[in-house]
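Close look at the chain arrangement
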Amino acid sequence: MRIPLSKPDITDAEKTAVMRVLESGRLALGPETEAFEKALAGITGRKLAIAVSSGTAALHLSLIAADIGKGDEVITSPFSFVASANAIMYVGARIVFADIEEETLCLDPAKADSVITEKTKAILPVHIFGALADMDAFCSMAEKHSLKIIEDACEAIGATRGNHKAGGSGDFAVFGFYPNKQITTGEGGAVVTDDPDAAVKIRSLRNQGRAGAGTGEMLEHVRLGYNYRINELSSALGRAQLERLNEILENRTRVADLYSERLRNLADIRLLNPVPGGSRSWFVYVIMLKDPSRREALSSHLSRSEIDSRTYFPPIHFFDHIRNHGGFSKGQFPVTERVAESTLALPFYTTMTDKEVDYVCDKVAAFLS
Ligand SMILES: Cc1ncc(COP(=O)(O)O)c(C=O)c1O
């Protein structure tokens, strides 16, 4: 049987929650979404949460709510999923990349600081692979230069670093709930914020620009809006998952620890570093090959043993549409490029058994020996 790269952890609690919605007949814009938003705001320590149809939609609406548009620059990481950069292009702003920290693989504050100009309007740090970016540094930078912070916490629910929690510090923070994430809604995402006016605007924007918090007259549209609504089935699923968040995160840590124990002594690979002064919310289990030229062969070797793996993430500035947008070139962000050519994500999910981890590790070790 194939060992997949990821798999959602769905129990009877989730099934019961989704059935409850189906039986209620209310499938959109209802009590489940409100309850899911309240729970998410509580967990992240924010006043408000607005659930939407994806993490990408959450990024897009956060940038609009932060009033970012044409002529503005947003500093972000080139080592991420492409959506964190695409969203900056959606609002007509300019993507300004700064390289990542070697230790955490997150946006490097010193490098971000060095590319601030009078056009910089926001910083968009990405908490990559469940490790929090250095939010102390980004918060001071934002205060000093009057910049907005939009945290991309799509991969990091429950992560901590120093006094910061994932999603707890930015003017806006976004989460994603695709099925490969720590918790899922099928498709879905959310914005969290403490700004009530911005939250009203985001609610309107997610629902075709309707008046008020998107609850105004059915055919009264006061701004250009979108259909970024989440449905009640997804919200019920997310709510049930959030109730199990601690259990899910503990299980993921258990699987990650098992992997690290087995792989730590292999001389040809490096593992992700611990987060300084914090704890990772395990999203994927990534190894880094000291000789990147062996990565494809390792991936094929695993595939022959029915084990999925993926080369997470290609540098965003290598994609044609992004390169053309910013005039980026190879060699511009050396840490990102070096890391990106070496990373391989191994199968990783909450319910992974010791036997499955052992099997994957045996195959990795056999290839490298
Ligand atoms: C860092 C990051 N940002 C944004 C997203 C976009 O989320 P979604 O796929 O829900 O649109 C993802 C998830 O895939 C992600 O990993």
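The structure presented is a predicted model; accordingly, all values stated were derived computationally and were not measured. (Residues numbered from 1 in each chain as written. Predicted model: local features only at pLDDT ≥ 70, side-chain atom pairs only at ≥ 80, totals over all residues. Heavy atoms only, no water.)

**A short note on the overall build of the protein chain**
Along its length, the protein chain carries 14 helices and 13 strands. Relative to its length of 369 residues, the protein chain is compact, with a C-alpha radius of gyration of 21 Å against a globular reference of 21 Å. The principal-axis extents of the C-alpha atoms in the protein chain amount to approximately 65 × 55 × 35 Å. Residues classed as buried in the protein chain amount to 55% of the 369 residues present. Between the averaged position of the 42 positive side-chain charges in the protein chain and that of its 48 negative side-chain charges there is a distance of 2 Å. (Helix = DSSP H or I, 4+ residues; strand = E, 2+ residues; numbered from the N terminus. Rg over C-alpha atoms; globule rule 2.2 N^0.38 Å. Buried < 20%, exposed > 50% of the residue type's maximum accessible area, 1.4 Å probe, protein only. Lys, Arg positive; Asp, Glu negative; His and termini not counted. Charge placed at Lys NZ, Arg CZ, Asp CG, Glu CD.)

**Brief notes about the environment of Glu 118**
Relative to the helices and strands, Glu 118 is located in the loop between α5 (109-113) and β4 (120-124). Between the alpha carbons of Glu 118 and Asp 72 there is a distance of 9.1 Å; along the sequence they are 46 residues apart.

**So, the sheet that holds strand β8 (residues 172-176)**
Read from one edge to the other, the open sheet built from seven strands follows the order β1-β9-β8-β5-β4-β2-β3, with strand pairing classed as mixed. Two strands close off the open sheet at either side, each with one partner strand: β1 (48-52) and β3 (94-97). Recorded for the sheet is a direction-independent mean angle of 25° between the axes of neighbouring strands. Docked against the sheet, helix α2 (residues 31-44) engages β1, β8 and β9 (189-193), running at close to 130° with respect to β1. Each of β1, β2 (73-76), β4, β5 (148-152), β8 and β9 is contacted by helix α3 (residues 55-65), which is oriented at about 170° to β8, the strand it contacts most. (Pairing = 2+ DSSP bridges. Axes fitted to C-alpha atoms, helices over the stretch in contact; angles between N-to-C directions. Contact = heavy atoms within 4.5 Å.)

**Remarks on the pairing of β9**
The element β9 is extensively covered by neighbouring structure, given that five of its five residues are classed as buried. Burial of β9 is two-sided: the residues Gly 189, Val 191 and Thr 193 facing one way and the residues Ala 190 and Val 192 facing the other way are all buried. Examined bridge by bridge, β1 and β9 share five bridges and lie antiparallel to one another. When the bridges of β9 are listed, Val 52 appears paired with Gly 189. Bridging between β8 and β9 involves five bridges; their strand directions are antiparallel. From the neighbouring strand, Ala 173 faces β9, where its bridge partner is Val 192.

**Considering empty space enclosed by the protein**
Following the criterion strictly, the structure yields one cavity of 30 Å³ or more and no others. By volume, the largest cavity amounts to about 30 Å³. Forming the boundary of the largest cavity are Lys 7, Pro 8, Asp 9, Lys 181, Gln 182, Ile 183, Thr 184, Gln 241, Arg 252 and Thr 350. (1 Å grid on protein atoms, 1.4 Å probe; cavity = no way out; pocket = protein on both sides within 12 Å on 5 of 7 lines; lining within 4 Å. Points joined across faces, edges and corners; volume = space filled by probe spheres on them.)

Nothing here speaks to function; it is geometry throughout.
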